Amino acid sequence: MNTREASALAPLLMKYDVCGPRYTSYPTALQFSEQFTEQDYLQQVQASNQHPLPKPLSLYLHIPFCRQLCYYCGCNKIITHKTSMVEEYLEYLYREIEMQGRHFADDRLVQQIHFGGGTPTYLKPSQLREILEVVAQAFHLGLPDSLEIGIEIDPRSVTAQSVTELVETGFNRVSVGVQDFDSDVQAAINRVQSKQQVEAVVKHARQAGVKSVSLDIIYGLPLQTKSGFVRTLDQVIDLRPDRIALYNYAHMPDRIPSQRLISSDAIPSRDEKMSIFTQSIERLTSAGYVYIGMDHFALPEDSLAKAMKNGGLQRNFQGYSTHAECDVVGLGLSAISRVNDSYSQNFGELSRYKTRIDSAELPIAKGLTLTEEDNIRADVIHAIMCKGEVDFSALGSQHNIFFQPHFQDELARLSELEKDGLVLETDSGFSVTETGRLFLRNIAMEFDAYLNQNTIHESHKPRYSRTL
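Residue indices follow the written sequence of each chain, beginning from 1 at its first position. Per-residue local features are limited, in this predicted model, to residues with pLDDT of at least 70; the limit for side-chain atom pairs, both in listing and counting, is 80 or more; totals at the level of whole chains, interfaces and linings are taken over all residues. For side-chain calculations, the full set of non-hydrogen atoms in the structure is used, while hydrogens and water are omitted.

K.L.:
Looking at this structure, I do not really get the overall build of the protein chain. What am I missing?
P.N.:
Strands are runs of DSSP state E lasting at least two residues, helices are runs of H or I lasting at least four, and both sets are numbered from the N terminus onward. Along the protein chain, the regular secondary structure elements total 16 helices and 20 strands. Its C-alpha atoms give the protein chain a radius of gyration of 22 Å, near enough to 23 Å, the size a compact globule of 468 residues would have. Structurally, the protein chain occupies a C-alpha span of about 55 × 55 × 45 Å along its principal axes. Counting all 468 residues of the protein chain, 55% fall into the buried class. Contact between two residues is taken to exist if any of their heavy atoms lie within 4.5 Å; hydrogens are not considered. Partitioning the intrachain contacts of the protein chain with sequence separation of at least 6 by distance along the chain shows that 73% fall at a separation of at least 24. Under the convention used here, Asp and Glu are negative, Lys and Arg are positive, and both His and the chain ends fall outside the count. Here the site of a charge means NZ on Lys, CZ on Arg, CG on Asp, or CD on Glu. Charged side chains in the protein chain number 45 positive and 59 negative. The centres of these two groups are separated by 4 Å. Only the C-alpha atoms count toward the radius of gyration. The rule for a globule is 2.2 Å times the residue count to the power 0.38. Here's how the labels work: a residue is buried when its accessible area is under 20% of the maximum for its type, exposed when over 50%, partly exposed in between, all with a 1.4 Å probe on protein chains only.

K.L.:
I keep staring at the environment of Gly319 and nothing clicks. Help me out?
P.N.:
With respect to the helices, strands and loops of the structure, Gly319 is situated in strand β13 (residues 319–321). Residues Gly319 and Asp295 lie 24 residues apart in sequence; the distance between their C-alpha atoms is 8.4 Å.

K.L.:
What is the right way to read the packing of helix α12 (residues 372–387) against helix α13 (residues 392–399) from this model?
P.N.:
Packed helices, taken two at a time, are described by the angle their axes make and the gap between the axes. Here an axis means a line fitted to C-alpha atoms, over the contact stretch when the element is a helix, while the angle between two N-to-C directions is reported on a 0 to 180 degree scale. Across the interface, α12 lies against α13 with an axial gap of 11 Å and an inter-helix angle of 155 degrees. When the axis of α12 is compared with that of α13, the two are roughly antiparallel. Two packed elements cross with a definite hand, and for α12 against α13 that hand is right-handed. Facing α12, whose interface residues are Glu372, Asn375, Ile376, Asp379 and Val380, α13 presents Leu395, Gln398 and His399. Lys, Arg, Asp and Glu make up the charged group, whereas Ala, Val, Leu, Ile, Met, Phe, Trp, Tyr, Cys and Pro make up the nonpolar group; the residues left over, Gly among them, are polar. A per-class count over the contact of α12 with α13 returns three nonpolar, three polar and two charged. Should an angle fall under 35 degrees it is called roughly parallel, over 145 degrees roughly antiparallel, and 65 to 115 degrees roughly perpendicular, with every other angle called oblique. Note on convention: the crossing is left-handed when the near helix lies turned anticlockwise from the far helix by less than a right angle, right-handed when the turn is clockwise.

K.L.:
How do you make sense of the environment of Asp154 when you look at a structure like this?
P.N.:
Mapping Asp154 onto the fold places it in the loop between β6 (148–153) and α5 (160–169). With 43 residues separating them in the primary sequence, Asp154 and Gln197 have C-alpha atoms 9.5 Å apart. Residue contacts for Asp154: discarding those within four places in its chain leaves Thr119, Thr121, Arg191 and Gln193. Under the rule applied, a polar contact is a pair of N or O atoms within 3.5 Å (in protein, one hydrogen donor and one hydrogen acceptor; residues adjacent in sequence only if both atoms are side-chain atoms). Looking at Asp154, its side chain comes within polar contact range of the side chain of Arg191, at 3.5 Å.

K.L.:
Which parts of the structure should I look at to understand the sheet that holds strand β19 (residues 423–425)?
P.N.:
The strands making up a sheet associate through backbone hydrogen bonding, with each pair oriented either parallel or antiparallel. Strands are labelled as partners when DSSP assigns at least two bridges between them. Reading across from one edge, β18-β20-β19 is the order of the three strands in this open sheet, with antiparallel pairing throughout. Strands at the two margins of the open sheet, each flanked by one partner only, are β18 (389–391) and β19. The mean inter-strand angle of the sheet, taken between neighbouring strand axes irrespective of direction, is 20 degrees. Sheet topology places β18 next to strand β20 (residues 429–432); three bridges connect them, and they run antiparallel. The residue of β20 that forms the bridge with Glu389 is Ser431. Set on the sheet, α13 makes contact with β18 and β20; between it and β18 the angle comes to about 60 degrees.

K.L.:
Help me understand helix α2 (residues 38–49) in this model?
P.N.:
Working note: α-helix, 3.6 residues per turn, so residues spaced by three or four point in the same direction. Expected span of a helix, by definition, is 1.5 Å for each gap between consecutive residues, and there is one gap fewer than residues. Taking 1.5 Å of rise per residue, the twelve residues of α2 would be expected to cover 16 Å, and the 16 Å separating its terminal C-alpha atoms lies within 8% of that figure. Turning to α2, its buried residues number three or more, namely Tyr41, Leu42, Gln44, Val45, Ser48 and Asn49. Angular distribution of buried residues about the axis of α2 spans 155 degrees; they occupy a single face of the element. Those residues of α2 hidden inside the fold are in contact with α3 (83–101), β14 (327–331), β15 (336–339), β16 (342–346) and β17 (364–369). Note that the arc is defined by the directions from the helix axis to the C-beta atoms.

K.L.:
Which parts of the structure should I look at to understand the confidence of the model for the protein chain?
P.N.:
Detailed reading of the predicted model is not advised wherever pLDDT is low. In the predicted model, the protein chain carries a mean pLDDT of 92, and 96% of its residues have values of at least 70. Under a pLDDT of 50 for its full length, residues 455–459 has, in the predicted model, twelve contacts with residues more than four places off or in other chains. In predicted models, pLDDT denotes the confidence assigned by the predictor to each residue on a 0 to 100 scale.

K.L.:
Please clarify how the pairing of β16 should be interpreted in this entry.
P.N.:
Along any regular strand, the residues point their side chains to alternate faces of the sheet. For β16, the buried fraction is high: five of the five residues fall into the buried class. Alternating residues of β16 divide into Ser342, Ser344 and Asn346 and Tyr343 and Gln345, and every residue in both groups is buried. Note that β15 and β16 share four bridges and pair antiparallel. Each residue of the ladder has a partner; that of Ile336, found in β16, is Gln345. The turn linking β15 back onto β16 is made up of two residues, and Asn340 within it adopts a positive phi angle of 55 degrees. Summarising the sheet, β16 and β17 pair through five bridges and their orientation is antiparallel.

Structure representation (structure tokens):
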């Protein structure tokens, strides 16, 4: 993307910068209901177990603990230095893992395991190893050569020795939180760390044989400027990670109390934020990264870029990932599962999570069973977000519908997006253009049946972050 292209893009960025879902699920979490029970979930597990071709599993384990509050963070987290609280949580997590494992058929192999947080590296390598041992006892793991085990790393929480121990334990993918290398920005969000700390994690992980290193950065943070963020981009590129996640900071202090510690006056203006965004895309693609869509970039040889080409890309609550064929089992506080035709989420409050497990029940707080129409629209939105094209005939045959009449109103609304160069009519349906990949959320929103039932813009508490 050159300067002229960026200039031409500016009006579109302003036009389509609205509030909307990130489509890590469809229907989105706003539709989850407390009427969804453990029994509903177990029925979905049983139905999935009966699939003629055993579906592999992807496990997500939530470690909610942090030693220090990052003001920008909207994740479910517990700030503590009490090791006794952590040890107690792990005992409950082990019990949940064991309960979940009993319900899945022996031929359901785990292909992916991901530790998120919070700060997973708050735990010692020995504790993480113990979790994996419990998982191995409760579930059937795939072959070592094909099993992906990933973890999110706070570079302030690890040493060269602990990184080496993580890899020796089996972790082969790491995601390192950078956010921004500018010291003023770091101070404003209460996350001060040096490039040397990040560089050391990347270096030691690679030396130990990690398959993939990802760096997370955020645009739109307080005190960020276009010139300052380009220096961060250059330092990130210099580290040559396999993947880069470029997240949009959503300033929602009414919904995320810690963000009240950030001055709204310090947030970049819309114009400045859009300039930072377009500059980032230009910088990263010029450096050889493939733009996966929305907030993810990968080197051409990385499995994420390959998955985009071969149709194996998926989008879940961790963002873009591989292995689209997996059921996802969420374990731990607030973790979300996608099993068969259902979504379910664990309690986010520690006391309620523990109480449910003490009752020998899965700690499911809410969820939903997808209707036939939900599944149709979920597949359309997945095609937009992960494949960049929608084949009317293929989706019509898959769901036994006539696509064009079924989506007559939605397709009519696409004419505006086509006029703006975001989508292109094809012989078989429509495809997302290169420009349109910046606006995947906006395109997908046209097929969201629930947006008319929910207020996207609320006067004081928006339900969704801005799309750009």
